[in-house]
Amino acid sequence: MCSGKLSRLRHTLAFRLTLWYAGIFTLSSLVAFFFFYLLVTSDIRERTDQELLGQVSQFSTLLALEGIDTVRRVAITEAQAAGVKKIFFRLLYPNGQAFSSSNMSYWKDISIRRIAIERLLEGGSYVFETIAIPQRRHKVRILYSLIGPGIILQLGQSMESYSRFIEAFRTIFIATMVLLIILAAVVGWFMARRALAGVEAVTRTAQSISGRSLEERVPVKPTGDEIDQLATTFNQMLDRIQTLVTSIREMRDNIAHDLRSPITRIRGIAEVTLTTGKSLAEYEAMAANTIEECDRLLDMINTMLMISKAEAGLDHLIREKVDLAGLTREACKLFEPTAEDNGIALSCHAPDRSHFFGDTRMIQRMLSNLLDNAIKYTPPGGSVNVSVGENDAQVFLTIKDTGIGISPKDLPHIFERFYRCDQSRAQTGIGLGLSLAGAIARAHGGDITATSTPNQGSIFTVTLPKSLPSHS
Ligand code: ADP
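Note that the coordinates shown come from a computational prediction; the quantities given were computed from them, not determined experimentally. (Residues numbered from 1 in each chain as written. Predicted model: local features only at pLDDT ≥ 70, side-chain atom pairs only at ≥ 80, totals over all residues. Heavy atoms only, no water.)

(A) The arrangement of the overall build of the protein chain in detail. Scanning the protein chain from N- to C-terminus turns up 10 helices and 12 strands. The C-alpha radius of gyration of the protein chain comes to 50 Å, more than 25% above the 23 Å expected for a compact globule of 472 residues. Based on the C-alpha atoms only, the size of the protein chain along its principal axes is roughly 155 × 60 × 40 Å. Looking at the protein chain as a whole, 38% of its 472 residues qualify as buried. For the protein chain, the exposed area adds up to about 27,700 Å²; of that, 59% sits on carbon and sulfur atoms. With 51 positive and 48 negative side-chain charges, the protein chain shows a separation of 13 Å between the mean positions of the two kinds. (Helix = DSSP H or I, 4+ residues; strand = E, 2+ residues; numbered from the N terminus. Rg over C-alpha atoms; globule rule 2.2 N^0.38 Å. Buried < 20%, exposed > 50% of the residue type's maximum accessible area, 1.4 Å probe, protein only. Areas by Shrake-Rupley, 256 points an atom, 1.4 Å probe, with all protein chains shown as cover. Lys, Arg positive; Asp, Glu negative; His and termini not counted. Charge placed at Lys NZ, Arg CZ, Asp CG, Glu CD.)

(B) Inspection of the nonpolar core at higher detail. By size, the foremost hydrophobic cluster in this structure holds 53 residues, and its most contacted members are Ile363, Leu370, Leu371, Val384 and Leu397. Ranked by the residues each element gives to this core, the list is headed by helix 9 (residues 360-376), at 8 residues. Apart from residues no more than four positions distant in its own chain, Leu397 is found in contact with Leu324, Thr328, Leu367, Leu370, Val386, Ser387, Val388, Phe460, Thr461 and Val462. (Core = buried A, V, L, I, M, F, W, Y, C linked by side-chain atoms within 4.5 Å. Contact = heavy atoms within 4.5 Å.)

(C) Summary view of the packing of aromatic side chains. For the structure shown, the criterion picks out 13 aromatic pairs. Both rings, one in Phe34 and one in Phe35, keep their centres 5.7 Å apart while their planes meet at 65°; by these two values the pair is edge-to-face. Accessibility expressed as a relative area gives 53% for Phe35, which makes it exposed. Here Tyr106 and Trp107 contribute two aromatic rings whose centre-to-centre distance is 5.0 Å and whose plane-to-plane angle is 90°, an arrangement assigned as edge-to-face. Directly above the ring of Tyr106 sits Arg136, whose terminal nitrogen or CZ lies 3.7 Å from the centroid. (Phe/Tyr/Trp six-rings, centres within 6.5 Å; stacked < 30°, edge-to-face > 60°. Lys NZ or Arg CZ within 6 Å of the ring centre and 35° of its normal.)

(D) Representation of a nonpolar patch on the surface. A cluster of nonpolar side chains, contributed by Leu27, Leu30, Val31, Phe34, Phe35 and Leu38, occupies part of the molecular surface with about 570 Å² of accessible area. Considering the arrangement of structural elements, one finds Leu27 in helix 2 (residues 13-66). (Patch = residues over 30% accessible without salt bridge, like charges linked within 9 Å, V, L, I, M, F, W, Y side chains within 5 Å. Salt bridge = Lys/Arg side-chain N within 4 Å of Asp/Glu carboxyl O.)

(E) Region of interest: the site of the ligand. As a matter of local geometry, the ligand sits amid 20 residues, with Asn373, Tyr377, Arg420, Ser424 and Leu434 nearest to it. The side chain of Asp401 places a nitrogen or oxygen atom 2.9 Å from a nitrogen atom of the ligand. Gly431 places a polar main-chain atom, nitrogen or oxygen, 3.0 Å from an oxygen atom of the ligand. Protein burial of the ligand: of its 530 Å² of free accessible surface, 98% is covered by the chains. (Near = heavy atom within 4 Å. Polar contact = N/O pair within 3.5 Å; in protein donor to acceptor, adjacent residues only side chain to side chain.)

(F) Inspection of the environment of Ala132 at higher detail. One can find Ala132 in the loop between strand 3 (126-131) and strand 4 (140-148). Sequence-wise, Ala132 and Tyr144 are 12 residues apart; in three dimensions their C-alpha atoms are separated by 17 Å.

(G) Region of interest: the pairing of strand 11 (residues 447-453). Residues Ile448, Ala450 and Ser452 of strand 11 are buried on one face, while the alternating residues Asp447, Thr449, Thr451 and Thr453, pointing to the opposite face, are not. When strand 11 meets strand 12 (residues 457-465), the two strands line up antiparallel, connected through 7 bridges. Paired with Ser452 across the bridge in strand 12 is Ser458. Where strand 11 hands over to strand 12, the hairpin turn is made up of 3 residues, of which Asn455 adopts a positive phi near 65°. (Pairing = 2+ DSSP bridges.)

(H) Structural view of the sheet that holds strand 5 (residues 151-158). With antiparallel pairing, the 5 strands of this open sheet are ordered in space as 2-1-5-4-3. In this open sheet, the two edge strands, each paired with only one partner strand, are strand 2 (98-101) and strand 3. Geometrically, the sheet is characterised by an average inter-axis angle of 20° between neighbouring strands, direction not taken into account. Pairing analysis gives 6 bridges linking strand 1 (residues 87-92) to strand 5, with the strands arranged antiparallel. Within the sheet, the bridge partner assigned to Arg90 lies in strand 5 and is Gln154. The strands that helix 3 (residues 68-82) touches are strand 1, strand 2, strand 4 and strand 5; relative to strand 1, the one it contacts most, it runs at about 160°. (Axes fitted to C-alpha atoms, helices over the stretch in contact; angles between N-to-C directions.)

(I) Highlighting the pairing of strand 2. Pairing geometry for strand 1 and strand 2, over 3 bridges, is antiparallel. Its bridge partner lying in strand 2, Arg90 is registered against Ser101. The turn linking strand 1 back onto strand 2 is made up of 5 residues, and Gly96 within it adopts a positive phi angle of 95°.

(J) Quick look at the packing of helix 9 against helix 10 (residues 433-443). It is the contact of helix 9 with helix 10, at a shortest axis distance of 9 Å, that shows an interaxial angle of 140°. Remark: the crossing between helix 9 and helix 10 carries left-handed chirality. Between helix 9 and helix 10, the residues in contact are Met362, Ile363, Arg365, Met366, Asn369, Leu370 and Asn373 and Gly433, Leu434, Leu436, Ala437, Ile440 and Ala441, respectively. A breakdown of the residues in the contact of helix 9 with helix 10 according to their chemical character gives 9 nonpolar, 3 polar and 1 charged. (Left-handed = near helix turned anticlockwise from the far one by under 90°. Nonpolar A, V, L, I, M, F, W, Y, C, P; charged D, E, K, R; others polar.)

So this is what it looks like as structure tokens:
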């Protein structure tokens, strides 16, 4: 169980972020330490060399002023004062033979380098070398220098302080690195958890959502960072899913409620004819009634399918250049005979062209639904005025009638599916025309509104953007 938890932890983003953070932090600390180490060690070596050079110049002055015996005496005294294990000196002839030295019992392993002497004789003023003596902790820095004619000084100094620094540095380095890595891991883990807390909230909400709890949303903080953008996008997606599920539920209820009545009617007609019908005329009437009811049903089903298609949004729309003015003129021409038959004056005011991007068939369907309603709900002697207009961004369609109007109580509901106002029940209709018109307008990124005064008339206004919104 514990190993399962560990392996799950290993696969978390927080764990990987922590590793990356600690890794980068450790690497940069290592680089910084390395450069610091180079700087300090070269400084210590430089100081040791300066000390040796200072001593050489002192001996060379002493030789010039007071002779070789004084140099020998002073050198022995200084070597003893500094400590036999700290420094040593040898005075050499140019052939490399030593003619005087400090106490060399501790330094007997240190030989005289011919190559260094040769370099001095070739004109070099001094030669440095660093040597390590087996089984000794500290290295030795040695300086060869010509301090007078035919006299070479070999001066050596233990690099104890240098080695001590390296040892201390190593201890401090390891301790600091361990601390830094632990700190980096803790801080990295804390930061990663903090950053990913929002993602966890999204995950928790997603897990808690079921068909019934679609109204849950991820809390969004006002910081506007990536996590908040994720939460906002997730919430928007939930909004869309909720709208879709609600419309599917409504559709299901509509089907159950509104499709059942015509089917019950068809069944009733058939049953009555079967039990009481005797003549061919009665059977013919039954067939005619059945066909009429079936047509209504088909019309209803097709309209509902079209509403679903429009509500599904832009994906199902054909994007083409549509001339709203032209389509409106055509629609008015088509409805003119019906208007005439009903004694209604139908007029159309549209510019030569009024272009926008949309789906021609859907717009034609919307136009015919609105015109059909305007003529249907206007008594003889009335009028229907259709006009088209536009501005830089939108096109407008207005259909104004002098019909029966809509009561303020009904007005907010007329775009709902299957809603029919009481006073219009005398007219044929299924209550889906305005729902479809509304869905089409919304699918184009536009809107449809209605204002009305009972017994005076109604105005329906459709607003459509000239370019379709991008897919969401
Ligand atoms: P219907 O098939 O009943 O016409 P619609 O969805 O087209 O269905 O319209 C819904 C209801 O809105 C209609 O039943 C009617 O009561 C009312 N309505 C729509 N257009 C008009 C109008 N121009 N004048 C008066 N009432 C209207």
